[in-house]
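Chain residues, written in single-letter form:
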Amino acid sequence: MAGPLPIGDPAPLDGSLPEQASMGSDSRTFHAYVHIPFCRVRCGYCDFNTYTANELEGVSQASFADRLIQEIKFSSSVLHNSNVHARKLTSIFFGGGTPTQLAAADLVGILAVLRDAFGFAEGCEITTEANPDNVDLAYLNELFEGGFNRVSFGMQSAVPQVLATLERTHKPENVAKAVAAAKTAGLQTSVDLIYGAPGESLEQWRESLEEAISLDTDHISAYALIVEDGTKLARQIRVGDLPEVDEDLQADKYELADELLGAAGFSWYEISNWSKTPANASAHNLSYWLGQDWWGYGPGAHSHIGGVRWWNVKHPSAYSGRTTHLQSPAAGRETLTESVRREERVLLEIRIREGISVEALKAVSADAAKIIAGLIADEMVDPKSALAGNLVLTLKGRLLADFIVRQFLA
Ligand SMILES: C[S@@+](CC[C@H](N)C(=O)[O-])C[C@H]1O[C@@H](n2cnc3c(N)ncnc32)[C@H](O)[C@@H]1O
Ligand code: SF4
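Residues numbered from 1 in each chain as written. Chains lettered and ligands numbered in written order. Predicted model: local features only at pLDDT ≥ 70, side-chain atom pairs only at ≥ 80, totals over all residues. Heavy atoms only, no water.

## Some remarks on the site of ligand 1
Then step 1. Surrounding ligand 1, one finds 18 residues, the nearest of these being Gly97, Gln156, Arg168, Asp192 and Ile226.
Then step 2. In this structure, an oxygen atom belonging to ligand 1 sits 2.7 Å away from a side-chain N or O atom of Gln156.
Then step 3. At 2.7 Å, a side-chain N or O of Asp192 approaches an oxygen atom of ligand 1.
Then step 4. Summarising the interface, the protein chains cover 93% of the accessible area of ligand 1, which totals 560 Å² for the free molecule.
Then step 5. When contributions to the shell around ligand 1 are tallied by element, the ones reaching two or more residues are strand 3 (120–130), strand 4 (150–156), strand 5 (188–195) and strand 6 (219–224). (Near = heavy atom within 4 Å. Polar contact = N/O pair within 3.5 Å; in protein donor to acceptor, adjacent residues only side chain to side chain. Areas by Shrake-Rupley, 256 points an atom, 1.4 Å probe, with all protein chains shown as cover. Helix = DSSP H or I, 4+ residues; strand = E, 2+ residues; numbered from the N terminus.)

Put into structure tokens, the structure is as follows:
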């Protein structure tokens with residue numbers, strides 16, 4: 001979602017998909033991502049496709065749900081006309097931006113249209129991201145009554161000084177209130193943390209982890225801060241107003257996260273994600289890592305159906321124009337070759353606890369056996385799983401995942 005859109009091939013305005021999209025679709029699950037591109041203020045580190053009220057060029061937040069509903073109806077006929085196997089939705093994720101900038105009734109209304117269009121599979125996971133500042137019990141009750149079962153709060157840190165560096169506007173105590181309200185409403189809960197804000201000490205990171213653990217959520221994500229080009233944070237670091245992110249300290253922070261979360265009963269299931277039980281792992285995120293099918297609704301959203309990938313126009317105003325005229329909002333698309341799909345599988349599956357099969361690694365690298373032997377010797381992968389045919393990263397391996405991927409894809 002971050003950064004400029006890829007170039008790709010032109011996408012037809014009627015949305016029709018190439019034949020490859022339908023191939024094998026009965027063996028894949030189907031998921032929906034709904035992008036709500038609004039935030040009250042922009043945090044200094046964030047380059048997600050999101051807009052504050054004065055950047056919207058006349059787009060109405062109040063009627064934005066109608067535009068998304070238009071795309072949902074459009075997608076249902078595109079999939080049908082392109083002979084993609086009809087499947088119920090296995091997970092739905094409302095992300096942003098800040099989905100909770102919209103009225104709860106809007107989110108529930110969009111969900112109802114998704115249900116009418118595709119149906120929900122048994123146990124369908126339905127999540128919204130939320131900013132701890134703009135939800136209360138009444139709002140969360142409305143979401144639960146309308147079918148949502150999970151909420152993920154942007155906590156980032158428990159330390160006021162770190163929140164200020166990140167330009168977060170919420171008060172630390174609002175996170176506990178929001179999580180408590182979500183539990184009262186009956187929702188599963190998750191919080192996002194960020195480690196590595198300039199100037200954040202290891203002790204401050206420990207404080208954030210301990211506070212997040214004390215909230216007793218079902219799930220915690222801990223992301224290493226990415227200094228994105230073009231953000232205010234990147235400028236502040238460039239001109240010397242803030243110190244650079246210290247990479248060695250980042251590794252210590254990851255190790256501390258794994259230690260404290262593990263001791264509190266959380267298990268990692270993806271490099272940046274820990275859950276209380278396997279059932280609390282995010283089914284939606286796993287669908288991305290496992291290369292399933294998903295339709296991404298909204299400005300700048302990406303979709304993937306059977307190796308065909310496309311992305312929508314970025315600005316809400318361009319998106320509104322396309323959907324109002326019943327045209328595909330896609331800005332471009334690409335059809336992945338088998339060899340690119342094999343490489344992407346390595347990039348994504350190596351990150352998850354189930355690991356990636358040695359067969360899949362041999363399909364991308366003639367040196368796979370030699371590389372794996374080296375990784376076992378360097379204690380970066382679990383030797384038992386590797387011998388049983390699956391590569392699973394150790395803690396040391398998780399810290400060096402990018403380096404490991406580069407060896408297989410060299
Ligand atoms: C769309 S936001 C979550 C919902 C809501 N907008 C909020 O921030 O409270 C998704 C998450 O992405 C993560 N994120 C955004 N920009 C990031 C960056 N530059 N580096 C690391 N994580 C980032 C944050 O943890 C954030 O909670
Ligand atoms: S509130 Fe969330 S989406 Fe909005 S700018 Fe901040 S991190 Fe990005």
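## So, the domain arrangement of the protein chain
Then step 1. Domain annotation for the protein chain reports domain 1 (19–289) and domain 2 (337–410).
Then step 2. Each of domain 1 and domain 2 has a C-alpha centre, and these two points are 28 Å apart.
Then step 3. Listed by partner, the interface residues are 15 residues for domain 1 and twelve residues for domain 2.
Then step 4. Interface area for domain 1 against domain 2, summed over the two sides, is near 1300 Å², with a carbon-plus-sulfur share of 59%.
Then step 5. Among the residues of domain 1 in contact with domain 2, Trp268, Ile271 and Trp289 are the three that bury the most area, contributing 50% of the side total.
Then step 6. At the boundary of domain 1 with domain 2, the tally comes to two salt bridges.
Then step 7. Where domain 1 meets domain 2, there are six residue pairs in polar contact (both at pLDDT 80 or more).
Then step 8. Mapped by element, the contributors of at least two residues to the side of domain 1 that touches domain 2 are helix 8 (247–263), strand 7 (267–270) and helix 9 (283–289).
Then step 9. Counted by class, the side of domain 1 that touches domain 2 contains nine nonpolar, three polar and three charged residues. (Domains from an automatic or database assignment. Contact = heavy atoms within 4.5 Å. Buried area = accessible area lost by both parts, 1.4 Å probe. Salt bridge = Lys/Arg side-chain N within 4 Å of Asp/Glu carboxyl O. Nonpolar A, V, L, I, M, F, W, Y, C, P; charged D, E, K, R; others polar.)

## Describing helix 16 (residues 401–409)
Then step 1. Along helix 16, the residues classified as buried are Ala401, Ile404, Val405 and Phe408. Relative to the axis of helix 16, the buried residues are bounded by an arc of 100° and lie together on one face. Looking at helix 16, the residues exposed on the side facing more than 90 degrees away from the buried face are Asp402 and Arg406.
Then step 2. At its buried positions, helix 16 is contacted by helix 11 (338–349), helix 12 (358–362), helix 13 (368–377), strand 14 (390–391) and helix 15 (395–399). (Buried < 20%, exposed > 50% of the residue type's maximum accessible area, 1.4 Å probe, protein only. Arc of directions from axis to C-beta.)

## Topic: the side chain of Thr127
Then step 1. Looking at the element boundaries, Thr127 is found in strand 3.
Then step 2. Discounting residues that sit within four places of it in the chain, Thr127 has contacts with Ile92, Phe93, Phe94, Phe148, Arg150, Val151 and Ser152.

## Here's the deal with the side chain of Arg333
Then step 1. In this structure, Arg333 sits in strand 12 (residues 330–335).
Then step 2. Among buried Asp, Glu, Lys and Arg side chains, Arg333 stands out as unpaired, with Asp9 the closest opposite charge at 6.2 Å.
Then step 3. From its side chain, Arg333 meets the backbone oxygen of Ser16 in a polar contact 2.8 Å long.
Then step 4. Contact partners of Arg333, with chain neighbours within four places excluded, come to Gly8, Asp9, Pro10, Ala11, Pro12, Ser16, Leu17, Pro18, Val308, Arg309, Trp310 and Trp311. (Lys, Arg positive; Asp, Glu negative; His and termini not counted.)

## Section: the nonpolar core
Then step 1. Ranked by size, the top nonpolar core spans 98 residues in total, and within it Ile92, Leu114, Leu391 and Phe408 carry the most contacts.
Then step 2. Residues contacting Ile92, with those up to four places away along its chain left out, are Ala32, Leu111, Leu114, Phe120, Cys124, Glu125, Ile126, Thr127 and His284.
Then step 3. In terms of nonpolar packing, the next biggest core, distinct from the first, is built from 13 residues, Tyr45, Leu166, Ile194 and Leu242 among them. (Core = buried A, V, L, I, M, F, W, Y, C linked by side-chain atoms within 4.5 Å.)

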